[in-house]
Amino acid sequence: MLSFLYFSVRRAWQGFWRNAVMSLAATATMVLMLLLLAGFWIIQTGLLAGLEFTEQKVEVVAYLQQNATDEQIEELAAEIRQRPDVASVEIVTRDKALERFRQSMQAQGRTDLTQQLDSNPLFASLEVKLTDPSKLHAVGEALSPTEHPIIRNVINIEDLVDRVLTVTNILRTAGTAVLLIVGIIVLFIIVNAIRLAVVARAEEIEIMRLVGASDAFIRWPFVFEGAFVGFLGAVVTLVILYAAAEPLNGFMVEFFRVLPLQIGSLTRDLVTLVMGTGVVLGIVGSWVSVRTYLIR
């Protein structure tokens, strides 16, 4: 078994270099298609991160009565934090709200408005971030003024959140569909490129059949050769992606308006995707192509 494996690998290596033009053409096609697949996968990852980042901005804002004491506010905040659909609760005091207002006006060049304030007209509030934006209504009900007299009113943005969730779900579905279509196209082109490389050596296969070579003797060198093509294409693709990693990450942050992606996790997934796709498609493409000749 080991001798046959060694023989198949050695013949595959010899066949790869003996037909260098077709082998390199198949490898170049592999690289281009893997770059296309990886590019769309990175865009899909950035899109999902951007949508998640957008959904995390959804929050419930409850304005408090002027006579609410610090103890009452802290007690209410602690109660809301215990809900499983609440990610965090921030207490915004009147002074902090005024400071935010002043900073906002200064950013817009409207310092005249802040200078005209003789007193602080703003209310203290609770800003509640959610684990799931669809839980907005439930959390809003929990902060109802009838349930908590220290609450003055709750900002109702349910219609806006419903529209945001509709758009994000559509984008998620569309992104997944596009990635799937691209994956099918990549699969077809790579397998077809390897098949063309095998077709160019049809006479070699026929000669081996005429001299009585078994199916395994013919098939496995081509299978390992396909694995070489896939592996080499994956390595070249990963080198190109590594060289483009820094500007690509900057583009993702700027375009999708999200924090830098988790590079460690993204890199592991990308290496697995590119390497696995390249090698598997190389093997499958060779197996299918040679099988056609063996059946015939």
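Please refer to the structure placed before this passage.
Cut-offs used in this document
- Residues numbered from 1 in each chain as written.
- Predicted model: local features only at pLDDT ≥ 70, side-chain atom pairs only at ≥ 80, totals over all residues.
- Heavy atoms only, no water.
- Helix = DSSP H or I, 4+ residues; strand = E, 2+ residues; numbered from the N terminus.
- Buried < 20%, exposed > 50% of the residue type's maximum accessible area, 1.4 Å probe, protein only.
- Contact = heavy atoms within 4.5 Å.
- Areas by Shrake-Rupley, 256 points an atom, 1.4 Å probe, with all protein chains shown as cover.
- Salt bridge = Lys/Arg side-chain N within 4 Å of Asp/Glu carboxyl O.
- Patch = residues over 30% accessible without salt bridge, like charges linked within 9 Å, V, L, I, M, F, W, Y side chains within 5 Å.
- Pairing = 2+ DSSP bridges.
- Axes fitted to C-alpha atoms, helices over the stretch in contact; angles between N-to-C directions.
- Expected span 1.5 Å × (residues − 1).
- Arc of directions from axis to C-beta.
- Lys, Arg positive; Asp, Glu negative; His and termini not counted.
- Charge placed at Lys NZ, Arg CZ, Asp CG, Glu CD.
- Core = buried A, V, L, I, M, F, W, Y, C linked by side-chain atoms within 4.5 Å.

A.B. asks: Is there a simple way to explain the overall build of the chain in this structure?
C.D. replies: Secondary structure assignment for the chain yields eleven helices and four strands. Sorting the 296 residues of the chain into buried and exposed places 36% on the buried side. Restricting to contacts in the chain with at least 6 residues of sequence separation, those with at least 24 account for 84%. In the structure as shown, the chain presents an accessible area of about 17300 Å², 63% of it carried by carbon and sulfur atoms.

A.B. asks: So what exactly am I meant to see when it comes to the pattern of salt bridges here?
C.D. replies: Any two side chains of opposite charge can pair, on the condition that their charged atoms come close. Counted under the stated rule, the structure contains three salt bridges. A salt bridge links Glu-59 to Lys-129; the nearest nitrogen and oxygen atoms lie 3.2 Å apart. Of this pair, Glu-59 sits in strand 1 (residues 59-64) while Lys-129 sits in strand 3 (residues 125-130), and the two are 70 residues apart along the sequence. Residue classification places Lys-129 among the partly exposed residues on the basis of a relative accessible area of 30%. Put simply, Asp-85 and Arg-83 hold a salt bridge, and the shortest N to O gap is 2.9 Å.

A.B. asks: Mind showing me how you'd approach a nonpolar patch on the surface here?
C.D. replies: Judged by side-chain polarity, Trp-220, Val-280, Val-284, Trp-287 and Val-288 come together as a nonpolar surface patch covering roughly 400 Å² of accessible area. For the nonpolar patch, the element with the highest residue contribution is helix 11 (residues 263-295), accounting for four residues. Position of Val-284 relative to the elements: it lies in helix 11. Using a relative accessible area of 36% as the deciding quantity, one classes Val-284 as partly exposed.

A.B. asks: Sorry if this is basic, but what is going on with the sheet that holds strand 4 (residues 151-154) here?
C.D. replies: Strand order across the open sheet formed by four strands is 2-3-1-4, with antiparallel pairing between neighbours. If you trace the sheet from one side to the other, it starts and ends with strand 2 (86-92) and strand 4, each paired once. Each strand axis lies, on average, 20 degrees off the axis of its neighbour in the sheet, ignoring direction. Direction of pairing for strand 1 relative to strand 4: antiparallel, over a ladder of three bridges. Bridge pairing in strand 4 links Tyr-63 to Asn-153. With respect to the sheet, helix 4 (residues 94-107) is in contact with strand 2 and strand 3, its orientation differing from that of strand 2 by roughly 90 degrees.

A.B. asks: I tried to follow helix 4 on my own but got confused; where do I start?
C.D. replies: One full turn of an α-helix is made of 3.6 residues, so residues set three or four places apart face in the same direction. Taking 1.5 Å per residue as the helical rise, helix 4 with its 14 residues ought to reach 20 Å, and the 20 Å between its terminal C-alpha atoms agrees with that figure. When helix 4 is considered as a whole, its buried residues turn out to be Ala-97, Leu-98 and Met-105. Projected down its long axis, helix 4 shows its buried positions confined to an angular sector of 100 degrees, all on one face. Counted as exposed and oriented over 90 degrees from the buried face of helix 4: Asp-95, Gln-106 and Ala-107. Gly-109, located one to two residues past helix 4, shows a positive phi value of around 75 degrees.

A.B. asks: Sorry, what's going on with the side chain of Glu-127 here?
C.D. replies: Assignment of secondary structure puts Glu-127 in strand 3. Assessed through its relative accessible area of 14%, Glu-127 is described here as buried. Each residue touching Glu-127, except ones within four places of it in the same chain, is listed here: Glu-59, Val-60, Val-61, Ser-88, Val-89, Glu-90, Val-92 and Arg-100.

A.B. asks: Any chance you could explain a negative patch on the surface here in plain terms?
C.D. replies: On the surface, a cluster of negative charge is made up of Glu-75, Glu-79, Glu-141 and Glu-147. Relative to the helices and strands, Glu-75 is located in helix 3 (residues 70-81). With relative accessibility at 58%, the residue Glu-75 sits in the exposed group.

A.B. asks: What am I meant to see in the nonpolar core here?
C.D. replies: Taken as a class, soluble globular proteins show a tendency for nonpolar side chains to be buried jointly. Among the nonpolar cores identified, the biggest contains 22 residues, and Val-128 and Leu-143 are the most heavily contacted of them. Taken together, the elements giving at least two residues each to this core come down to strand 1, helix 3, strand 2, strand 3, helix 6 (136-142) and helix 7 (158-199). In terms of residue count, helix 3 provides more of this core than any other element does, four residues in total. Apart from residues lying up to four places away in sequence, Val-128 is in contact with Val-58, Glu-59, Val-60, Ile-80, Val-86, Ser-88, Val-89, Val-139 and Leu-143. Formed by 20 residues, the second largest nonpolar core is a distinct cluster that contains Leu-34, Val-186, Ile-194 and Val-229.

A.B. asks: For this particular structure, what's the right way to read helix 3?
C.D. replies: End to end, helix 3 covers 16 Å across twelve residues, agreeing with the expected 16 Å (1.5 Å per residue, within 8%). The complete set of buried residues in helix 3 reads Ile-73, Leu-76, Ala-77 and Ile-80. Each buried residue of helix 3 lies within a common arc of 100 degrees when the element is viewed along its axis, so the set occupies one face. Opposite the packed face of helix 3, turned more than 90 degrees from it, sit the exposed residues Glu-71 and Glu-75.

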